[in-house]
Amino acid sequence: MTATSLTYFAIAAAQGAFKNVTVSERTAQAFADGSWILAIVYIVVALGGLAALVTLSGLVLIYVERKLAAHFQCRLGPMRVGWHGIFQTVADAVKLLLKEDVIPEKADKAMHLLAPFLSMMATVMVLGVLPYSPILQITDINIGVLFVTAVSGFGVMGILLGGWSSNNKWSMVGAMRAGAQIISYEISATLALLVVVLFSGSLSLAEIVQSQDAGWWIWRANGVGFVSFIIFVIAVTAEINRTPFDIPEGESELAAGFHTEYSGLRFSFFFLAEFINMFVVSGMTATLFLGGWMPFHIGAWAGFNGFMDLIPPVLWFTGKTSVVIFLIMWFRWTFPRLRVDQLMYLEWKVLLPIGFVNLFAAAVVVLYNLYPFPILVP
Amino acid sequence: MTVRVRTLDELLTPPAAGSSALSTQEYFVNMGPQHPIAHGSLRLVLRLDGETVKEVIPVPGFVHRGIEKMCEKLNPRQIIHLTDRLDYLSAVMNNWGVAKAVEKAANIETNGRIETIRTLMSELQRIQSHMLWWGVLGMDLGAYTAFLYAFRDREIISELFEETIGARLTMNYVRPGGVMFDILPDFQEKVKKLLKYLGPIIDEYDTLLSGNVILQERLRNVGVLDGKKAVALGCTGPVLRASGVPLDLRKLTPYGRYGDVEFNVAVGSKGDCWDRYYTRMEEIRQSMRIIEQLIDSIPEGPVNVLRASARISIPEGTYYDQIETARGVLGVMLVSDGKSPSPYRVHFRSPNFNNLWAVTALAPGWRIADIITIQSSLDLVIPDIDR
Amino acid sequence: MVDNIPGIVENFPGGSILVTTIDSIINASRANSLWPLGFGTKCCAIEMLMATGASHQDISRFGAEVVRGSTRQADLMIVAGAIVRKMAPRVRLLYEQMAEPRYVIATGACSICGGPFQYNSYHIVHGVDEIIPVDVYVPGCPPRPEAFFWGLLALQRLIKEGESIRRPDIRRKPVMASLPQGITMDDIQGEMRRLLEEQNVVNVAESAENKIWTKRLKEWMRKPSSKP
Amino acid sequence: MDAQALLQAITGVNPAAQERPNTNVPAVQVPVAGLHAFLQVLRDDPRFSFDFLLDHTAIDWMADGKFELVYQLFSTLHGHTLMVGVLIEREQPLAPTVSDLWPIAEWQEREVYDLFGIPYDDHPDLRRLFLEDDWTGYPLRKDYQDKNMLQRPQ
């Protein structure tokens, strides 16, 4: 037995040992053991980590987006703040924090103030159930997929409220567009998601990742997984209002869309929420279709697989997420924007029928066990 | 006598809401004067039913500077620099329009070199103008990258202008009796290099934007303007030609060197936004053809037949002359009383002013997003509307 | 007691403001994140908002490429082009809609003084500073994008060396950012430094009555011509 | 049809039409009475078929106490142009609208109303075009005064 294989087994054992031990379970365990200080430490660490993740991913993603866009367009992008403008978004954040907070006189004040936080909250709540690695997950709910769908659908409330309470017609039009769009595309996203649920036989995100032990769902299910991957990516791009589906903000049409009347900190919440949303949906895509933190394995190549196992699961997760994020950004800087009726046409007459057929095909695959590779984990 | 003068406020009374709890209400929205689509300061008042546009009321005048009044105090040479500021994207053509009118009125004969340089510069400017339009259309439809690609290549032509003329945008180049400066010795070489570069670039534009399925969906069958309607609405330029009316003054009444060169007039068939889009793309290629044919045959001669201080006197009368700019027919009407050096009255028939009103006929029934498409496809320059 | 410590409290006309490290961080952030408002009226808009944003010049190097369509989110108003009397109330409204801190750069001859349309035009406003306070002027017709960048850098320096809390009625004297021929970069930087170090703070309420440039201009206009 | 034949044909249609002197394009001068009918003939007669109203504006002949309305017509069928000049009184001016013949005339006439103060009979939407609704005076008239209008020092 070679050393590589030994390492492989060791890591596999370690993964098995830590299986499904999430932060919330440790906290519960600590409470049960009576060591409540440890429990509080766990809670604080979890919350702090979440806050750090929110801030960091937002800032980094905005910087990456601007830099990527610049290089797509034969220019340099931010160059002045720090090395290659690396602190550009920090400067933006500080500026936005200290900018005057304008509330229009005729706005519905309470709603106007509440809306950005609702939008942000929906995003952050999803971060809590994403499995970043076998041991790094804040909590694993047994209906995780349902939770994610429900909570991310809640984000539209913030947008609707913000648009409505601003007492501005452009905001209102933007909010209504957002409402119609997000709720419509939620259906397609859920249908694509159900395919994976069928395959893995579980609603828990951690178990969905575990079920991709033998191969990721995107390529393991005779094309069914790939189709649902494509549907899912299109639908989530629409859900987070990015080009070519950015009609709620549609800068050339609606000035700034639903956040026309927001300034300073509250605007930055909407702005940040968009980018964290991108991280969340990319993470979800990676978890569902690209095997989450699972390393990339090829059949019987034990050496190769062992080498892949050496890369920590967190990096695998981040890498896969980054690929999806890059894909979404690439869309943005390539495509023109759809019109609102074309958007609805695409959802209700194209994606939805394909989604249903695909779900049926997935059922057939699961029923007759038509996988090219048999499932190893029972 | 049934003269009734109205005000804008009278038009903007919102319609009453229906009595039923589920009935909807139409509402007015201001697009502009500060709006990303306005590209300047144009106010469009939209009467909307949800997303559907019921009526468009354009309100121009936010850049109205009274150029026609100013021209009454200036001599013909001084008028030229104001025409730069009408349609700044076809500045050379605007200058030429006035210079041509003055030359016709004052019987000034120019030579072949002057006409060739004017034609070359006009066509370069036409390419530049259409490039900017292409980029801006991309930006309006959400494809920001197209805008930057267009500007990347437009910059080369701008630099060429700057070398020869000394300005990038407001050229003040063509003047009665000649042009301001002679071309540089390496001008021909640089233009040839530019043409060699532009050929593949225009094809790249096609792959980047024209072939995109979303763009085609956005443009095809949107805002259809048939030929008859376009003529009745006074549209000229690519807007009219896209509707199937081959009215191009360069072919109809050849001026400059246009009679000596071969080129085709790009004509659309249907008159939708896509036709307007592709007419302009084709015009870029035709302009390149014209430049290709002329660049090697610039005759020798002086670049100005008048002395710089020569007084230009326009005999008494009313003179009308027109020229094909990048956006349509620019007509210049000069009225002289034969006494003072400055004209008695100057009037510009600006192409954009007449093209603008097509919006009112095209937009109703479409969505808000289509207003953007339609307005972009008309390629309006607001200061030219307002004058 | 605090007043005796040198270098911590700087006295500005109109109030004392504490200038600390935090201030410099805030100012640096503001200076490097000037989001312009998508607002242009005339030829200058092509050069100022489009050509500067394009790949060749690339305003994003200064972190100012995020053009906002909404006034609430913009920091910088680039008045690019002539302002006429129909537009003037709208420009004022746009300025008032912007959230503090807000800055204005007037580019081009038209927005500085009326430019080519100064005489015999019944509808022009003779300079946008008759309507809104201007921080930096960039002359030219239209200015080259590089000239505009120089204006932007001048504004960045103004912000960096200013106080982080701006009282609405007090503002710095505007800076003319131009690159005339025969003057080296060092001369300009020296001039800039001098202007910045001069504590040029003026009270708007006072100076509104005796606006020096418009007043002089009008006097000059009224002067009977010396020629017969 | 060349310029001479065109002018002859027009005089045949409207005997009151005279050739307008000192122009570089074929031009006629007609009285304001019967203008609408005359222009309708120019548009509909297949010999002329002036289906394109290129331009419409006015000239203020203050010394004569007249306004002159100028119509630039163009035929997309024959490719010929025609300038039609119409003199109207400067005091209490009134002109017939041609916006029912050429829709673009609606806005060109609005511009003339805005800058010259010539109201049009039966115009569907007579409003100020460039200037604000509460603007006083008509700036393109020769006797227009405005304190905002700086005079260039001589």
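Note that residues are indexed from 1 along each chain, following the sequence as it is written. A letter from A marks each chain and a number from 1 marks each ligand, given out in the order of writing. The predicted nature of this model means local features are confined to residues of pLDDT at least 70 and side-chain atom pairs, given and counted, to a pLDDT of 80 or more, with totals for whole chains, interfaces and linings taken over all residues. By convention in this description, side-chain values take in all heavy atoms of the structure and omit both hydrogens and water.

> Break down the overall build of chain D for me, citing the residues and quoting the values.
In DSSP terms, a helix is any run of H or I states spanning at least four residues, a strand is any run of E spanning at least two, and both are numbered starting from the N terminus. The secondary structure content of chain D amounts to three helices and seven strands. Reading the secondary structure of chain D in the N-to-C direction produces α-β-β-α-β-β-β-β-α-β. A compact globule built from 154 residues would reach a C-alpha radius of gyration of about 15 Å, and chain D, at 17 Å, matches this within 12%. Across its three principal directions, the C-alpha atoms of chain D cover 50 × 35 × 25 Å. Out of the 154 residues in chain D, the part that is buried amounts to 58%. Working rule for contacts: check all heavy atoms of both residues, and any pair within 4.5 Å makes them a contact. Looking at chain D alone, contacts between residues at least 24 apart form 53% of all its contacts between residues at least 6 apart. Each radius of gyration is computed over the set of C-alpha atoms, and the globule rule expresses the reference value as 2.2 Å times the number of residues to the power 0.38. A simple rule labels every residue: compare its accessible area, found with a 1.4 Å probe on the protein chains alone, to the largest value its type can have, and call it buried under 20%, exposed over 50%, or partly exposed in between.

> Any details on the overall build of chain C? Residues and values, ideally.
Check the secondary structure of chain C and you find eight helices and eight strands. When each of the 228 residues of chain C is scored for burial, the buried share is 56%.

> Would you mind going over the interface of chain B and chain D in detail, with residue names and values included?
Counting residues at the interface gives 50 residues for chain B, matched by 52 residues for chain D. Interface of chain B and chain D: buried area, both sides summed, is about 4,200 Å²; carbon and sulfur atoms make up 60% of it. For the chain B face of the interface with chain D, the top three residues by lost area are Lys 69, Tyr 320 and Tyr 344 of chain B, together amounting to 16%. The working definition used for a salt bridge is a side-chain nitrogen of Lys or Arg within 4 Å of a carboxyl oxygen of Asp or Glu. Counting across the interface, chain B meets chain D through two salt bridges. Between Arg 387 of chain B and Glu 111 of chain D there is a salt bridge, with the nearest N and O atoms lying 3.1 Å from each other. Under the rule applied, a polar contact is a pair of N or O atoms within 3.5 Å (in protein, one hydrogen donor and one hydrogen acceptor; residues adjacent in sequence only if both atoms are side-chain atoms). Here chain B is connected to chain D by 16 residue pairs in polar contact (both at pLDDT 80 or more). Residue contributions to the side of chain B that touches chain D peak at five residues, all from strand β6 (residues 317–325) of chain B. Here the quantity called buried area is the accessible surface, traced with a 1.4 Å probe, that two parts lose on coming together, added over both.

> Summarise the pattern of salt bridges; cite the residues concerned and give the values.
If you walk through the whole model with that rule in mind, you get 62 salt bridges over all chains. When the shortest N-O distance is used, the salt bridge between Glu 204 of chain B and Arg 152 of chain B registers 3.8 Å. Here Arg 152 of chain B lies in helix α6 (residues 144–165) and Glu 204 of chain B lies in helix α7 (residues 187–210), a separation of 52 residues in the sequence. Between Arg 127 of chain D and Asp 125 of chain D there is a salt bridge, with the nearest N and O atoms lying 3.0 Å from each other. Each member of the pair Arg 127 of chain D and Asp 125 of chain D is classed as buried. When salt bridges that share partners are traced, they join Glu 123, Arg 126, Arg 241, Asp 248, Arg 250, Glu 283 and Glu 324 of chain B into one network.

> Give me the packing of aromatic side chains: which residues, what numbers.
All names here are of chain B. Classification of ring pairs rests on two measures: the distance between centres of Phe, Tyr or Trp rings, Trp counted by its six-membered ring, which must be within 6.5 Å, and the angle between planes, read as stacked under 30 degrees, edge-to-face over 60 and tilted in between. One pass over the structure, following the stated rule, counts 39 aromatic pairs over all chains. Judged by centre distance (5.2 Å) and plane angle (75°), the ring pair of Trp 96 and Tyr 255 falls under edge-to-face. Of this pair, Trp 96 sits in helix α4 (residues 91–106) while Tyr 255 sits in the loop between α11 (249–252) and α12 (273–294); the two residues are 159 residues apart in sequence, bridging distant segments of the chain. The class of Trp 96 is buried, set by a relative accessible area of 1%.

> Describe in detail the sheet that holds strand β2 (residues 43–49) of chain B, supporting the description with residues and values.
Residue and element names in this part refer to chain B. Should DSSP find at least two bridges between two strands, the strands are taken to pair. Read from one edge to the other, the open sheet built from three strands follows the order β1-β2-β3, with strand pairing classed as antiparallel. Looking at strand neighbours, the two that pair on one side only are β1 (27–31) and β3 (52–59), the edges of this open sheet. Recorded for the sheet is a direction-independent mean angle of 25° between the axes of neighbouring strands. Judged from the five bridges that link them, β1 and β2 form a sheet pairing that is antiparallel. Bridged to Met 31 within β2 is Leu 44. A fitted line through C-alpha atoms serves as each axis, taken over the contacting stretch for helices, and the angle formed by two N-to-C directions is quoted from 0 to 180°.

> Go over the sheet that holds strand β7 (residues 328–336) of chain B, please, and point to the residues and values.
All names here are of chain B. The strand order across the open sheet formed by three strands is β6-β7-β8, and the pairing between neighbours is antiparallel. Either end of the sheet is taken by a strand with one partner, and the two such strands are β6 and β8 (345–349). Strand-to-strand twist in this sheet, taken as the mean axis angle between neighbours without regard to direction, amounts to 15°. Sheet topology places β6 next to β7; nine bridges connect them, and they run antiparallel. Each residue of the ladder has a partner; that of Tyr 319, found in β7, is Leu 334. Across the sheet, α4 touches β6, β7 and β8, and the angle it forms with β6 is around 150°.

> Talk me through the environment of Ala 80 of chain C; I want residue IDs and the actual numbers.
All names here are of chain C. Looking at the element boundaries, Ala 80 is found in strand β3 (residues 76–80). Looking at Ala 80, the relative accessible area reads 1%, which means it is buried. In this structure Ala 80 touches Gly 40, Thr 41, Lys 42, Cys 44, Ala 45, Met 48 and Thr 107, once residues within four positions along its chain are discounted.

> Hey, could you go over the confidence of the model for chain C for me, with residue numbers and the actual values?
Summary statistics for chain C give a mean pLDDT of 73 and a share of 65% for residues scoring 70 or more. Counted against residues more than four places away or in other chains, residues 1–16 of chain C, with its pLDDT under 50, gives 20 contacts. Every residue gets a pLDDT, meaning the predictor's confidence in that residue, from 0 to 100.

> Please provide a residue-by-residue account of the packing of helix α5 (residues 109–127) of chain A against helix α6 (residues 144–165) of chain A, values included.
If you want to describe how two helices pack, look at the angle between their axes and the distance between the axes. Residues and elements named next belong to chain A. Contact geometry for α5 and α6: axes closest at 8 Å, N-to-C directions at 160°. Classed by the angle they form, the pair α5 and α6 counts as roughly antiparallel. Classified by chirality, the crossing of α6 by α5 is left-handed. Contact residues: α5 offers Met 111, His 112, Leu 114, Ala 115, Leu 118, Ser 119, Met 121, Ala 122, Met 125 and Val 126, while α6 offers Phe 147, Val 148, Val 151, Ser 152, Phe 154, Gly 155, Gly 158, Ile 159, Leu 161, Gly 162, Trp 164 and Ser 165. Amino acids outside the nonpolar list (Ala, Val, Leu, Ile, Met, Phe, Trp, Tyr, Cys, Pro) and the charged list (Asp, Glu, Lys, Arg) are all regarded as polar, and Gly is one of them. Here the contact of α5 with α6 is built from residues that sort into 15 nonpolar, seven polar and no charged. Any angle that is under 35 degrees is reported as roughly parallel, and any over 145 degrees as roughly antiparallel; angles of 65 to 115 degrees are reported as roughly perpendicular and all others as oblique. Each crossing gets its handedness from the near helix: less than a right angle anticlockwise from the far helix is left-handed, clockwise is right-handed.

> So what about the side chain of Gln 156 of chain C? Which residues, and what values?
In this fold, Gln 156 of chain C is placed in helix α5 (residues 145–161). Those residues in contact with Gln 156 of chain C, other than ones at most four positions away along the chain, are Ala 31, Asn 32, Leu 34 and Phe 62 of chain C.

> Let's hear about the interface of chain B and chain C: which residues, and what values?
Between chain B and chain C, the contact holds 37 residues from the first and 36 residues from the second. Interface area lost by chain B to chain C is led by Gln 34, Phe 62 and Arg 65 of chain B, which between them contribute 20%. Along the contact surface separating chain B from chain C lie two salt bridges. With a shortest N-O distance of 2.7 Å, Glu 47 of chain C and Arg 168 of chain B are connected by a salt bridge. The tally of links between chain B and chain C comes to 10 residue pairs in polar contact (both at pLDDT 80 or more). In terms of residue class, the side of chain B that touches chain C is made up of 18 nonpolar, nine polar and 10 charged.

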